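In case you want the letters, here they are:
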Amino acid sequence: MSSIPRDQWYVAAYGREIGREPFGRTVCGEPILFWRTRAGTVTAMSDRCVHRRFPLSQAPSRVVDDQVVCGYHGFTYGADGKCVAVPGQTRVPRTARLTAYPAVEQDSFVWVWIGDPAKADAATIPRAPWLVSPEYTTVSGMEPLKARFGLLVDNLLDLSHETYLHGGYIGTPEVAATPITTEVDEEAGIVYVSRHMDDAECPPFYAKSTGLSGRIMRWQDIEYTPPCLYKLHSRIAPPGVLPRADGSDPDAFHVEVVYAITPETEHTTHDFWAVARDFALDDQGVSDFLAEQNRTVVLQDVAALDVLEQVIATEPPGYQELSINIDTGGLAARRLLARQAGQSTGGRV
Amino acid sequence: MSSIPRDQWYVAAYGREIGREPFGRTVCGEPILFWRTRAGTVTAMSDRCVHRRFPLSQAPSRVVDDQVVCGYHGFTYGADGKCVAVPGQTRVPRTARLTAYPAVEQDSFVWVWIGDPAKADAATIPRAPWLVSPEYTTVSGMEPLKARFGLLVDNLLDLSHETYLHGGYIGTPEVAATPITTEVDEEAGIVYVSRHMDDAECPPFYAKSTGLSGRIMRWQDIEYTPPCLYKLHSRIAPPGVLPRADGSDPDAFHVEVVYAITPETEHTTHDFWAVARDFALDDQGVSDFLAEQNRTVVLQDVAALDVLEQVIATEPPGYQELSINIDTGGLAARRLLARQAGQSTGGRV
Amino acid sequence: MSSIPRDQWYVAAYGREIGREPFGRTVCGEPILFWRTRAGTVTAMSDRCVHRRFPLSQAPSRVVDDQVVCGYHGFTYGADGKCVAVPGQTRVPRTARLTAYPAVEQDSFVWVWIGDPAKADAATIPRAPWLVSPEYTTVSGMEPLKARFGLLVDNLLDLSHETYLHGGYIGTPEVAATPITTEVDEEAGIVYVSRHMDDAECPPFYAKSTGLSGRIMRWQDIEYTPPCLYKLHSRIAPPGVLPRADGSDPDAFHVEVVYAITPETEHTTHDFWAVARDFALDDQGVSDFLAEQNRTVVLQDVAALDVLEQVIATEPPGYQELSINIDTGGLAARRLLARQAGQSTGGRV
């Protein structure tokens, strides 16, 4: 059985990626075609012509008005996936229709429902409001990963690796040294992992962007909603500066690091990343710096996880890992993902 | 079971490709060595030394007089495949012999029989006489296809794709819009597909080569003899100009477009193409133009079919296509090919 | 069952390759980490962190003092493979230990035992003393081979291929033409193949290095100790010059050509090669010439064997080779290797 949960919402793209040209992306093994109607709505339908399976995202396929025309024999489909014209005859077969996918544009992402469409409920899509809030400035990107999505979940749930894999960027000795606390909301299906460092070295990522020098308070509060959305609430402040009693926190810097972890296939992943900050909102230099730094950090992860995927591909069956305290969050995430995958019912297998 | 018919003739090469150097090409999964004797005859034998399977087409293997010498240990074979010398001893093992393939050079092609050699009958090789006729001038080539041969059969039997995939070269709106007529000669095993456009736009391919401008009559008469030989009899004339009662047709332009569709393996194909014309016989500019145009068109097909092969490789089992009227010829071809494959008996499996 | 014998010593590297940086090499399918302690001892342990399998030879993993630190989460191991530190907690799990491999540095090679460590006996490692003898000068290297190790064994046991594959370097007509004598020491497990050419052309490899011109005596005495060590005792002398009655041989040139044949995986091989000579000891020009020549010869073998591996990958099951007298040594080697593989017991499967 696949380890990828179905009957779930996944981020397929940033809204900015979808325009008036056909755009193809594979999500959970399903090739999906996206394009935007003249009214601006994002469509999502199967990226295979019903006739001879030519990808509708592939040139010379093209969008004309509110229809997409196959580049092989000219089968033409409307925004709902229904075929409206075929070559050499006026009658269009009744069954000629592309599978349509429920799609929602929200928080800068295009979300798509994989599985039984009858179960799709847009109200259950997890939120990342900072990415489109005027009170935050966001930089973002996506890196392709040649590794199964579970390896990225492991990676992000255990930030002790920052000290080793991301030293000189976001890692300092305190991250690996400081114990974590983990909580699981079984009903909501959310994993929380917190690491509060009250007296820590300030890594370049935060020193250059906030202007702080010397020791800092650094709080990392992870909130992972399997399968797709990961949020790291990062709080940076001078030592001893705490949030006020009323909940406001004007003397700290807040960075919301958001990942969308989308399986492309069983062994490849779309690694969407975004960094939203509530300071230096109009400072392009800070935006450029954080974008370059975070992309570098993501590519360090990509290099390591691509290696791990190859390692797994060549290791004998029954290989055993050894887990310790830092893995509590990752193991909880695996458990929730396995539960979701076991409950999957919808769509093609 | 393989979808590739055996006990059949296939085009392995153009005669011009075979000379006094060893030449290797795989046909229907069988690696075959070709070379030309001093008398000019094309030989065809297994491209694997009987000793340690080194390919005899691979340097430093070489042809010396009328023998081929293996580049690994020097096993030496005559034009009939019989081993005549081995290293370190004078006795040559009696069983040391390369499998020989029936081969015929005809109509510019080298045909080779795949299957039981006892069934090979050169008289049954389908003909394409224009390719060597003094009344025609021919340009030709071969493009490797990373797709199963059936996808190329589908492609060539349904020319409605010219409008979309080859627009600006040979495609105009009328090709996709005009219905076809299909006939199958079950006994001879030939599929005929005709599309007669009596008032059509003249595509650049024919406008520049014939000098016609404005509207034209354009007749496409396909004759496919599975598995290998495909002929498109193309007739271009000013509107209203018909062949005469005596069968002559002096006021039309005739182009014979010939494809040899040769499986290299289950998933790759040799796509031989030739364009013979009965006009502008000595005009090198027209030859250069048609060669460049047709090669471009073939490469557009190659790009599309290579994508389809990848699509098939990743799709779930049981995928269903939808067929319409334009597919009548292609479906008939599939049926004849399946019948041929089911009747195959000869040679290795 | 694997064709690779276990419970055997294999050459993993030259000693010069191992220093204070982590060095990874796969031997018989097992990824092994090597590094040298401050005292100079070569360590050998599993190249997979016990935590999340990150390769310890992969940056940013690093050696610090006499420990190796994983580049992913910082798990730290001593020279014996025992884990001594983990992130986020002071207690180190008792079972956290890398598999250690018996390793011996000898005759310029690092030998490693693959299989049951209880059976490892360093006294049984075959010797190649010339490679570190002050009476010889040695050039050496290693070329990666994309072919199973058995193809290299075949190649080296049958030197008749020198005439064809290595003409112009080490091959002359006499090699393929001269019969061999083969002996097998079943108890010691050694295959001997001898070819004594008493009146032979001098190939460039020996002409330029020895200064001999004209005809030569050329003796090739192969001694192969399966699975890994192959020695070719090569004696070059003017015609009629024999070793003296006391066993000394001052008027001949001696070259010891040593190969270590180490399976990397079932289908790839490390091809270690060394050429030791007892003449022109301090002549850098001769060293450079022999190194360049032998590397070229090895790369000719690599090209041929890489082709053979691809041939085998695509041939139908049950393919039959034809063997003749020159193959006697190679067939004996295959038999000893099969016996070793059948007796293998140790380690992972």
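Definitions and cut-offs
- Residues numbered from 1 in each chain as written.
- Chains lettered and ligands numbered in written order.
- Predicted model: local features only at pLDDT ≥ 70, side-chain atom pairs only at ≥ 80, totals over all residues.
- Heavy atoms only, no water.
- Contact = heavy atoms within 4.5 Å.
- Buried area = accessible area lost by both parts, 1.4 Å probe.
- Salt bridge = Lys/Arg side-chain N within 4 Å of Asp/Glu carboxyl O.
- Polar contact = N/O pair within 3.5 Å; in protein donor to acceptor, adjacent residues only side chain to side chain.
- Nonpolar A, V, L, I, M, F, W, Y, C, P; charged D, E, K, R; others polar.
- Helix = DSSP H or I, 4+ residues; strand = E, 2+ residues; numbered from the N terminus.
- Expected span 1.5 Å × (residues − 1).
- Axes fitted to C-alpha atoms, helices over the stretch in contact; angles between N-to-C directions.
- Parallel < 35°, antiparallel > 145°, perpendicular 65-115°, else oblique.
- Left-handed = near helix turned anticlockwise from the far one by under 90°.
- Least-squares fit on C-alpha atoms with pLDDT ≥ 70 in both.
- Buried < 20%, exposed > 50% of the residue type's maximum accessible area, 1.4 Å probe, protein only.
- Phe/Tyr/Trp six-rings, centres within 6.5 Å; stacked < 30°, edge-to-face > 60°.
- Pairing = 2+ DSSP bridges.

**Q** Could you give me a rundown of the interface of chain C and chain A, with the residues and numbers involved?
**A** Tallying the contact residues gives 26 residues for chain C and 30 residues for chain A. With both chains or domains summed, chain C and chain A bury close to 2300 Å², and 59% of this area falls on carbon and sulfur atoms. It is Arg52(C), Arg53(C) and Tyr72(C) in chain C that bury the most area against chain A; as a group they hold 35% of the surface buried on that side. Linking chain C with chain A are four salt bridges, by the criterion used here. Between Glu315(A) and Arg53(C) there is a salt bridge; the shortest N-O distance is 2.8 Å. Between the two partners, chain C and chain A, sit 13 residue pairs in polar contact (both at pLDDT 80 or more). Per-class residue counts for the side of chain C that touches chain A are 14 nonpolar, eight polar and four charged.

**Q** Residue-level account of helix α5 (residues 284-314) of chain A, with values.
**A** With 31 residues, α5(A) ought to run about 45 Å at 1.5 Å a step, and its terminal C-alpha atoms sit 45 Å apart, in line with that. Between a side-chain oxygen at the N-terminus of α5(A) and the backbone nitrogen of Gly285(A) the separation is 2.9 Å; the capping residue is Asp283(A).

**Q** Describe the packing of helix α1 (residues 149-157) of chain A against α5(A), naming the residues involved and giving the relevant values.
**A** All names here are of chain A. Interaxial distance between α1 and α5 falls to 10 Å at its minimum, and their mutual angle equals 130°. The pairing of α1 with α5 is recorded here as oblique in orientation. At the point where α1 passes α5, the crossing takes the right-handed sense. Contact residues: α1 offers Leu151, Leu152 and Asn155, while α5 offers Asp301, Leu305, Leu308, Glu309 and Ile312. In the contact of α1 with α5, the residues fall into five nonpolar, one polar and two charged.

**Q** Could you give an account of the relation of the copies chain C and chain A, with specific residues and numbers?
**A** With an RMSD of 0.0 Å, chain C superimposes on chain A once it is rotated by 120° and translated 0.0 Å along the axis. When the rotation and shift are considered jointly, the pair of chain copies conforms to a three-fold rotation axis. The position closest to the rotation axis in chain C is occupied by the C-alpha of Ala313(C), lying 11 Å away.

**Q** Any chance you could break down the environment of Thr269(B) for me, citing the residues and the numbers?
**A** Residues and elements named next belong to chain B. Within the element layout of this structure, threonine 269 appears in strand β17 (residues 268-277). Take threonine 269: its relative accessible area is 1%, and that puts it in the buried class. Considered as a pair, threonine 269 and proline 144 are 125 residues apart in the sequence and their alpha carbons are 6.2 Å apart. Those residues in contact with threonine 269 that lie beyond four places of it in its chain are Glu143, Pro144, Leu145, Ala147, Arg148, Phe149, Leu152, Ile261, Thr262, Pro263 and Glu264. A polar contact of 3.0 Å, which involves the side chain of threonine 269, links it to the backbone nitrogen of phenylalanine 149.

**Q** So what about the packing of aromatic side chains? Which residues, and what values?
**A** All names here are of chain A. As enumerated under the stated definition, the model contains 30 aromatic pairs over all chains in all. Relative to tryptophan 113, the ring of tryptophan 9 lies with its centre 5.4 Å away and its plane at 65°, an arrangement referred to as edge-to-face. Taken together, the residues tryptophan 9 in strand β1 (residues 8-14) and tryptophan 113 in strand β10 (residues 109-114) connect sequence positions 104 residues apart. Tryptophan 113 carries the same exposure label as tryptophan 9, and that label is buried.

**Q** Run through the pattern of salt bridges, naming residues and quoting values.
**A** Under the criterion given, the structure shown has 75 salt bridges over all chains. Notably, a salt bridge pairs Glu321(B) with Arg334(B), separated by 3.1 Å at the nearest N-O pair. Taken together, the residues Glu321(B) in the loop between α5 (284-314) and α6 (328-343) and Arg334(B) in helix α6 connect sequence positions 13 residues apart. For the salt bridge of Arg38(C) with Asp66(C), the shortest nitrogen-to-oxygen distance reads 3.6 Å. Here Arg38(C), found in the loop between β3 (30-36) and β4 (42-46), pairs with Asp66(C), found in the loop between β5 (62-64) and β6 (67-69); they are 28 residues apart in sequence, far enough to count as distant. Overlapping salt bridges bring together Arg52(A), Arg53(A), Asp154(B), Glu315(B), Glu321(B), Asp327(B) and Arg334(B) as one network.

**Q** An account of the side chain of Asn294(B) is needed here, citing residue identities and associated values.
**A** Residues and elements named next belong to chain B. Inspection of the secondary structure puts asparagine 294 in helix α5. Overall, asparagine 294 belongs to the buried group, its relative accessible area being 4%. If near-sequence neighbours (up to four positions away) are discounted, asparagine 294 is found in contact with Phe205, Tyr259, Trp273 and Val275.

**Q** Outline helix α1 (residues 149-157) of chain B, listing residues and values.
**A** In terms of residue burial, α1(B) counts as a mostly covered element, since eight of its nine residues are buried. Taken together, the buried positions of α1(B) are occupied by Phe149(B), Leu151(B), Leu152(B), Val153(B), Asp154(B), Asn155(B), Leu156(B) and Leu157(B).

**Q** Now, about the interface of chain C and chain B: what can you tell me, with residues and values included?
**A** Many analyses report the size of an interface as the accessible area lost when the parts associate. Counting residues at the interface gives 30 residues for chain C, matched by 26 residues for chain B. In total, chain C and chain B occlude about 2300 Å² of area from one another, counting both sides; carbon and sulfur atoms represent 59% of this. Ranking the residues of chain C by area buried against chain B places Tyr164(C), Leu322(C) and Ile324(C) at the top, with a combined share of 29%. For the pair chain C and chain B, the number of links is four salt bridges. Glu321(C) is the partner of Arg53(B) in a salt bridge, and the nearest nitrogen-oxygen pair spans 3.2 Å. Of all elements in the fold, only α1 (149-157), α2 (161-165), α3 (173-177), α5 (284-314) and α6 (328-343) of chain C reach the threshold of two or more residues within the side of chain C that touches chain B. With six residues, the top contributor of residues to the side of chain C that touches chain B is α5(C).

**Q** So what about the pairing of strand β15 (residues 229-237) of chain B? Which residues, and what values?
**A** Residues and elements named next belong to chain B. Among the nine residues in β15, eight count as buried, and that is most of the element. Bridge analysis of strand β14 (residues 216-225) against β15 gives nine bridges, and the strand direction is antiparallel. Bridge pairing in β15 links aspartate 221 to histidine 233. Between β14 and β15, which pair antiparallel and follow one another directly, the connecting turn spans three residues. Across eight bridges, the pairing between β15 and strand β16 (residues 253-265) is antiparallel. Among the inter-strand pairings, isoleucine 236 is bridged to a residue of β16, identified as phenylalanine 253.

**Q** Go over the sheet that holds strand β5 (residues 62-64) of chain A with me, naming the residues and quoting the values.
**A** The strands that make up a sheet pair up through hydrogen bonds in the backbone, lying either parallel or antiparallel. Residue and element names in this part refer to chain A. Taken in spatial order, the four strands make up an open sheet running β5-β6-β7-β8, and their pairing is antiparallel. The open sheet terminates on both sides in strands that have one partner only, identified here as β5 and β8 (83-85). Averaged over all pairs of adjacent strands, the angle between their axes in this sheet comes to 35°, without regard to strand direction. Where strand β6 (residues 67-69) lies against strand β7 (residues 76-78), three bridges are found, and the strand directions are antiparallel. Bridge pairing in β7 places glutamine 67 opposite glycine 78.

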